[in-house]
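# Observations on the model geometry
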Amino acid sequence: MRPARSATAPVRTAGAAVAVGAVLLVSGCAGPNALLRDEGPAAAHSTRSGPVYAADGTGRPLQRPDSLPLGDAARLTGLRWTSWGGPTALASGGLSADWCAPACFRRPYDVKVTLSGLQRLPDLAYYSSAGVVAPQVHGERAAELGRVSLRLPEF
């Protein structure tokens, strides 16, 4: 006569098989040979939503303008942009103003220009300020040129 088999033996065997399978599954995904890996830098979130402009004296949108007014009495001319569209835009060019006439009208002062202060809308953005460095300008005028508010169109 055969010895009686326990009724719980198949359940224990099945439970052990499930436990071993779970361990292999978890350790396989977490171990050095995982099939999926998260590598490299995180994707950068872009806040840019469209073209970037600077406004002229009447509020007309300009991209990489060759000249740009700074208020009523000064103007940037001959601008050559090395960057545009990011948080800042960089250019070199010339400066003419009522307060340096006639010398700077005949030969504009050399300047470095940084536009900043992006004002974003759903489909576009405008630079709202300019920083101008002109080695030939000193004192209070140089300080004024350091932070100039640019005209923004009516939104």
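Residues numbered from 1 in each chain as written. Predicted model: local features only at pLDDT ≥ 70, side-chain atom pairs only at ≥ 80, totals over all residues. Heavy atoms only, no water.

## Here's the deal with the overall build of the protein chain
Helix and strand content of the protein chain: three helices and eight strands. Tracing the protein chain from N to C terminus, the helices and strands come up as α-β-β-β-β-β-α-β-β-α-β. Buried positions account for 32% of the 155 residues belonging to the protein chain. When contacts within the protein chain are restricted to residue pairs at least 6 apart in sequence, long-range pairs at least 24 apart make up 41% of them. (Helix = DSSP H or I, 4+ residues; strand = E, 2+ residues; numbered from the N terminus. Buried < 20%, exposed > 50% of the residue type's maximum accessible area, 1.4 Å probe, protein only. Contact = heavy atoms within 4.5 Å.)

## Some words on the state of the cysteines
Enumeration according to the criterion identifies one disulfide in this entry. Between the sulfur of Cys100 and that of Cys104 lies a disulfide, 1.7 Å long from S to S. Because the torsion about its S-S bond is 80 degrees, the bridge between Cys100 and Cys104 counts as right-handed. Of the residues examined, Cys100 reaches a relative accessible area of 6% and is grouped as buried. With relative accessibility at 0%, the residue Cys104 sits in the buried group. (Disulfide = S-S within 2.5 Å.)

## Here we look at the pairing of strand 1 (residues 52-55)
Burial of the side chains of strand 1 extends over both faces: Val52 and Ala54 are buried on one face and Tyr53 and Ala55 on the other. In this sheet, strand 7 (residues 125-133) lies alongside strand 1 in parallel orientation, the contact comprising two bridges. Each bridged residue has a counterpart across the sheet, and for Val52 the counterpart in strand 7 is Ala125. With antiparallel pairing between neighbouring strands as the criterion, strand 1 and strand 2 (residues 61-62) make up a hairpin whose turn holds five residues, including Gly59 at a positive phi of roughly 95 degrees. (Pairing = 2+ DSSP bridges.)

## As for the pairing of strand 6 (residues 109-120)
With seven bridges joining them, strand 5 (residues 89-97) and strand 6 adopt antiparallel strand pairing. Within strand 6, the position partnered with Gly93 by the bridge is Val111. Here strand 6 pairs with strand 7 via eight bridges, running antiparallel. Each bridged residue has a counterpart across the sheet, and for Ser116 the counterpart in strand 7 is Ser129. Remark: four residues form the turn of the hairpin made by strand 6 and strand 7, two consecutive strands paired antiparallel.

## Quick look at the side chain of Ser128
Structurally, Ser128 is set in strand 7. Only 2.6 Å separates the side chain of Ser128 from the backbone oxygen of Gly117, close enough to count as a polar contact. (Polar contact = N/O pair within 3.5 Å; in protein donor to acceptor, adjacent residues only side chain to side chain.)

## Some points on the side chain of Ser96
Mapped onto the elements, Ser96 comes out in strand 5. Apart from residues no more than four positions distant in its own chain, Ser96 is found in contact with Ala73, Ala74, Arg75, Cys104, Phe105 and Pro108.

## Things to note about the nonpolar core
The tendency in soluble globular proteins is for nonpolar side chains to be buried as a group. Counting residues in each nonpolar core, the largest one holds 30 residues, and the members touching the most others are Leu70, Leu76, Leu95 and Leu115. Take this core: its biggest share by element is five residues, from strand 6. Ignoring any residue separated from it by four or fewer positions in sequence, one finds Leu115 in contact with Ala54, Leu68, Trp81, Trp84, Pro87, Thr88, Ala89, Tyr127, Ser129, Ala130 and Leu150. (Core = buried A, V, L, I, M, F, W, Y, C linked by side-chain atoms within 4.5 Å.)

## Comments concerning the environment of Tyr126
Tracing the backbone shows Tyr126 in strand 7. Classification of Tyr126 by relative accessible area gives buried; the value is 6%. Sequence separation between Tyr126 and Ala55 is 71 residues, and the spatial gap between their C-alpha atoms is 7.3 Å.

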